[in-house]
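Geometric and topological summary
Chain residues, written in single-letter form:
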Amino acid sequence: MTSNVSSPARTIRIASRKSQLALVQTYWVQEQLQKHFPERQFDVETMSTKGDKILDVALSKIGDKGLFTKELELGMINKTADLAVHSLKDLPTKLPDGLVLGCVTERINPADALVVHAKHKDKQIDTLPEGAVIGTSSLRRLAQLRYHFPHFEFKDVRGNLNTRLAKLDDGGYDALILAVAGLERLGMRDRVQQTIPSEISLHAVGQGALGIECRADDTEVLELLSALEHKPTKYRALAEREFLRELEGGCQVPIGANTTIEGETLTFTGMVASLDGQRLIRDTVSGNVSTAEALGRDLADRLKGQGAQEILAEIFAQIERS
Ligand SMILES: NCc1[nH]cc(CCC(=O)O)c1CC(=O)O
């Protein structure tokens, strides 16, 4: 038999973390694929990742790249799964051999959000009182906010979104900094007190977009995924991820980004900051969208030329010691 025309199409197995946000994202992708390919079958299989299991240690101290992705990747490598849906910002810039970023879906708001305790419901980030306790587990948010608001106190906060919000509402914090995108996807847009301007906080690389990973040689899945691809988001993601790769930072270093596309022009602002918020290096480049990755490298080189490498080296040493 040389033809497989009559054999039934294989079921496509989508691997997902079990967190509420991961499931919302995965079911959204499943629904989109089903819409484009009504004759195909797409199943979802859930699994726990290391990042889901370790909840009592600050993320920056676990320090592992791929904390939220490794188990899903093993599933694809072992062929018990065919694709995995990630928050793009949780996906390391270097993927395991044999796997690729098959598709980037349309980005929603990539900004960070201020979420406040009820007693601050008339406040914005710049009117919160001196000594306000701000919860964040992101070194990027910590460094940028310290730089602009040295009079706040910062406290780590872990757990899924609902757990974090409960800790805020219980009075453990005055405010939290969270991604607008995560709140929006979980139907909690009303908790966004303020979208933090990019002048204050540049978002994480890839924030607000979904990245779908699959086997590099699975042409069938790659073809299915191309139906979900959003070109402008893909260009922005390529530029941002190349910038991060060049700076050799995982998700747990204070590196921020902001990209916009107007016509054919991609404009990219990036920053690297020290943990104490004392030093912050920021610059902007722009060029044709077709040169997205080169723009990311160019921006990284410029920041390195202004001292970014020293800052990052210090941070890696600090994390290792703690
Ligand atoms: N690090 C956790 C994480 N990974 C993805 C999101 C949601 C935002 C997104 O999809 O970019 C969040 C929560 C947050 O940062 O508040």
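The structure presented is a predicted model; accordingly, all values stated were derived computationally and were not measured. (Residues numbered from 1 in each chain as written. Predicted model: local features only at pLDDT ≥ 70, side-chain atom pairs only at ≥ 80, totals over all residues. Heavy atoms only, no water.)

Close contacts around the ligand come from Leu-21, Gln-25, Ser-87, Lys-89, Asp-90, Arg-141, Leu-178, Ala-179, Gly-182, Arg-185, Gln-207 and Gly-208, and that covers them all. In the model, a nitrogen atom of the ligand is placed 3.0 Å from a nitrogen or oxygen of the Asp-90 side chain. Contact distances for the ligand include 3.4 Å between an oxygen atom and a side-chain N or O atom of Arg-185. In isolation the ligand offers 390 Å² of accessible surface; the protein chains occlude 88% of this area. Counting residues domain by domain, the shell around the ligand receives three or more from each of domain 1 (1-105 + 209-229) and domain 2 (112-195). (Near = heavy atom within 4 Å. Polar contact = N/O pair within 3.5 Å; in protein donor to acceptor, adjacent residues only side chain to side chain. Areas by Shrake-Rupley, 256 points an atom, 1.4 Å probe, with all protein chains shown as cover. Domains from an automatic or database assignment.)

Taken residue by residue, helix H6 (residues 161-172) has Leu-161, Arg-164, Leu-165 and Leu-168 as its buried positions. For H6, the angular spread of buried residues about the axis comes to 100 degrees, placing them on one side. Structurally, H6 contributes buried residues whose contacts are with strand S5 (112-116), strand S8 (175-179) and helix H7 (180-185). You can read the cap of H6 off the contacts: a side-chain oxygen lies 3.1 Å from the backbone nitrogen of Asn-162, and it is on Asn-160. (Buried < 20%, exposed > 50% of the residue type's maximum accessible area, 1.4 Å probe, protein only. Helix = DSSP H or I, 4+ residues; strand = E, 2+ residues; numbered from the N terminus. Arc of directions from axis to C-beta. Contact = heavy atoms within 4.5 Å.)

Within the secondary structure, Gln-34 sits in helix H1 (residues 20-36). Owing to a relative accessible area of 29%, Gln-34 belongs among the partly exposed residues under this scheme. Beyond its immediate sequence surroundings of up to four residues, Gln-34 is in contact with Arg-40 and Phe-42.

Confidence along the chain averages 92 in pLDDT terms, with 92% of residues attaining 70 or more. Note on the complex model: pTM 0.91, ipTM 0.95. (pLDDT = per-residue confidence, 0-100.)

A positive phi angle is found at Lys-79, which is not glycine, with a value near 60 degrees. In this structure, Lys-79 sits in the loop between helix H4 (70-77) and strand S3 (83-87). Take Lys-79: its relative accessible area is 52%, and that puts it in the exposed class.

As a further point, take the pairing of strand S1 (residues 12-17). Counting buried positions along S1 gives five out of six residues, so the element sits mostly inside the fold. Relative to strand S2 (residues 42-47), S1 is paired through six bridges, and the arrangement is parallel. What sits directly across from Arg-13, in S2, is Asp-43. What joins S1 to S2 is H1, and the crossover it makes is right-handed. Pairing between S1 and S3: two bridges, direction parallel. (Pairing = 2+ DSSP bridges. Right-handed = clockwise from strand over helix to strand, strands pointing away.)

Moving on, we get to the sheet that holds S8. Strand order in this open sheet of five strands is S7-S6-S8-S5-S9, and the pairing throughout is mixed. Every interior strand has two partners, whereas the edge strands, strand S7 (153-155) and strand S9 (194-195), have only one. Examined bridge by bridge, S5 and S9 share two bridges and lie antiparallel to one another. Considered in S9, the bridge of Ala-113 is made with Thr-195. Its contacts with the sheet place helix H5 (residues 139-148) against S5, strand S6 (133-135), S7 and S8, and it is angled at close to 125 degrees to S8. Across the sheet, H6 is in contact with S5, S6, S7 and S8; its angle to S8 comes to roughly 165 degrees. (Axes fitted to C-alpha atoms, helices over the stretch in contact; angles between N-to-C directions.)

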